[in-house]
Amino acid sequence: MSEPAVPPPSLPVTWRPRVPRMVAYGSAALVVAGAVIMAIFISEPFKLPDRIAIVAFGGAVAYVLHLLGRVRVDADEHGVTLVNAVRTHRYSWPEVLEVSMTPGEPWPRVDFSDGSTIGAMGIQGSEKDRAARAVAELTALIHERGEAPERP
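What counts, and where the lines are drawn
Residues numbered from 1 in each chain as written. Predicted model: local features only at pLDDT ≥ 70, side-chain atom pairs only at ≥ 80, totals over all residues. Heavy atoms only, no water. Phe/Tyr/Trp six-rings, centres within 6.5 Å; stacked < 30°, edge-to-face > 60°. Helix = DSSP H or I, 4+ residues; strand = E, 2+ residues; numbered from the N terminus. Buried < 20%, exposed > 50% of the residue type's maximum accessible area, 1.4 Å probe, protein only. Expected span 1.5 Å × (residues − 1). Contact = heavy atoms within 4.5 Å. Pairing = 2+ DSSP bridges. Axes fitted to C-alpha atoms, helices over the stretch in contact; angles between N-to-C directions. Domains from an automatic or database assignment. Buried area = accessible area lost by both parts, 1.4 Å probe. Salt bridge = Lys/Arg side-chain N within 4 Å of Asp/Glu carboxyl O. Polar contact = N/O pair within 3.5 Å; in protein donor to acceptor, adjacent residues only side chain to side chain. Core = buried A, V, L, I, M, F, W, Y, C linked by side-chain atoms within 4.5 Å. Patch = residues over 30% accessible without salt bridge, like charges linked within 9 Å, V, L, I, M, F, W, Y side chains within 5 Å. Areas by Shrake-Rupley, 256 points an atom, 1.4 Å probe, with all protein chains shown as cover.

Let's talk about the packing of aromatic side chains
Reasoning step 1: Counted by the stated rule, this structure contains one aromatic pair.
Reasoning step 2: Ring centres of Y91 and F112 lie 3.7 Å apart, and the angle between their planes is 20°; on these two criteria the pair is classed as stacked. With Y91 in strand β4 (residues 88-92) and F112 in strand β6 (residues 109-112), the pair connects residues that are 21 residues apart, well separated along the chain.
Reasoning step 3: Residue F112 is classed as buried on the basis of its relative accessible area of 4%.

Some points on helix α1 (residues 19-41)
Reasoning step 1: The end-to-end C-alpha distance of α1, which contains 23 residues, comes to 32 Å, matching closely the 33 Å that a straight helix rising 1.5 Å per residue would cover.
Reasoning step 2: Buried residues of α1: A24, A28, A35 and A39, and no others.
Reasoning step 3: Taken together, the buried residues of α1 touch α2 (48-69).

Regarding the sheet that holds strand β1 (residues 13-15)
Reasoning step 1: The antiparallel open sheet is built from four strands, whose spatial order is β1-β2-β3-β4. Looking at the sheet topology across the chains shown, the edges are occupied by β1 and β4. Averaged over all pairs of adjacent strands, the angle between their axes in this sheet comes to 15°, without regard to strand direction.
Reasoning step 2: Bridge analysis of strand β3 (residues 79-83) against β4 gives five bridges, and the strand direction is antiparallel. Looking across to β4, one finds that G79 is bridged to S92.

Details of the domain arrangement of the protein
Reasoning step 1: Domain boundaries assigned for the protein yield domain 1 (19-69) and domain 2 (71-146).
Reasoning step 2: For domain 1 versus domain 2, the separation of C-alpha centres amounts to 33 Å.
Reasoning step 3: On the side of domain 2, five residues touch domain 1, which itself brings five residues to the contact.
Reasoning step 4: In total, about 420 Å² of surface goes out of reach between domain 1 and domain 2, with carbon and sulfur atoms giving 54% of it.
Reasoning step 5: If you sort the residues of domain 1 by the area they bury against domain 2, P20, L67 and L68 come out on top, with a joint share of 78%.
Reasoning step 6: In this structure, the connection of domain 1 to domain 2 is made through zero salt bridges.
Reasoning step 7: Taken together, the connections running from domain 1 to domain 2 amount to two residue pairs in polar contact (both at pLDDT 80 or more).
Reasoning step 8: Looking at the side of domain 1 that touches domain 2, the elements that each hand over two or more residues are α1 and α2.
Reasoning step 9: Looking at which element gives the most residues to the side of domain 1 that touches domain 2, the answer is α2, with three residues.

Concerning the nonpolar core
Reasoning step 1: Counting residues in each nonpolar core, the largest one holds 23 residues, and the members touching the most others are W15, V73, L82, I123 and L138.
Reasoning step 2: For this core, the secondary-structure elements that each account for two or more residues are β1, β2 (72-75), β3, β5 (96-100), β6 and α3 (128-145).
Reasoning step 3: Looking at this core, the element that brings in the most residues is α3, giving six residues.
Reasoning step 4: Not counting residues within four places of it along the chain, the set of residues in contact with I123 comprises W15, V73, P106, W107, P108, A131, A134, V135 and L138.

What about a nonpolar patch on the surface?
Reasoning step 1: On the surface, V32, V36, I37, I40, F41 and V55 cluster together to form a nonpolar patch covering roughly 540 Å² of accessible area.
Reasoning step 2: Considering every element that reaches the nonpolar patch, the biggest residue donor is α1, with five residues.
Reasoning step 3: Secondary-structure assignment places I40 in helix α1.
Reasoning step 4: On the basis of relative accessible area, I40 is assigned to the exposed category, the value being 54%.

As structure tokens, this is what we get:
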């Protein structure tokens, strides 16, 4: 995906997906509501422990959906924070080398000076225009604040 030349945004800035986040939290609410309704109206021979287990399972599913809904990329004066589904990664600007996203990828990859590459789930490829803009803004910040070489 070719990034248009955009000025770096003012810091701090947070990029997070819109539609996937709404789907994750909307689904979580439906699952919990469904589990509670099922626990209330389920017939015998199901007892209280069974009903509690149904609601607990709904809560567990909602927690997993929360992990998917909380993804984001934060940039501030000190560096970049990648909040993915399970882990949070914090890097200072000189450690961040490049962000790239090719068409069809679910999210961009961020390359670091230690040789590692991490997916930035907070920028979703399914939101094409927003993703391209976010990648371009993050690239501009990397070139402004990091030690990344300028592209010709």
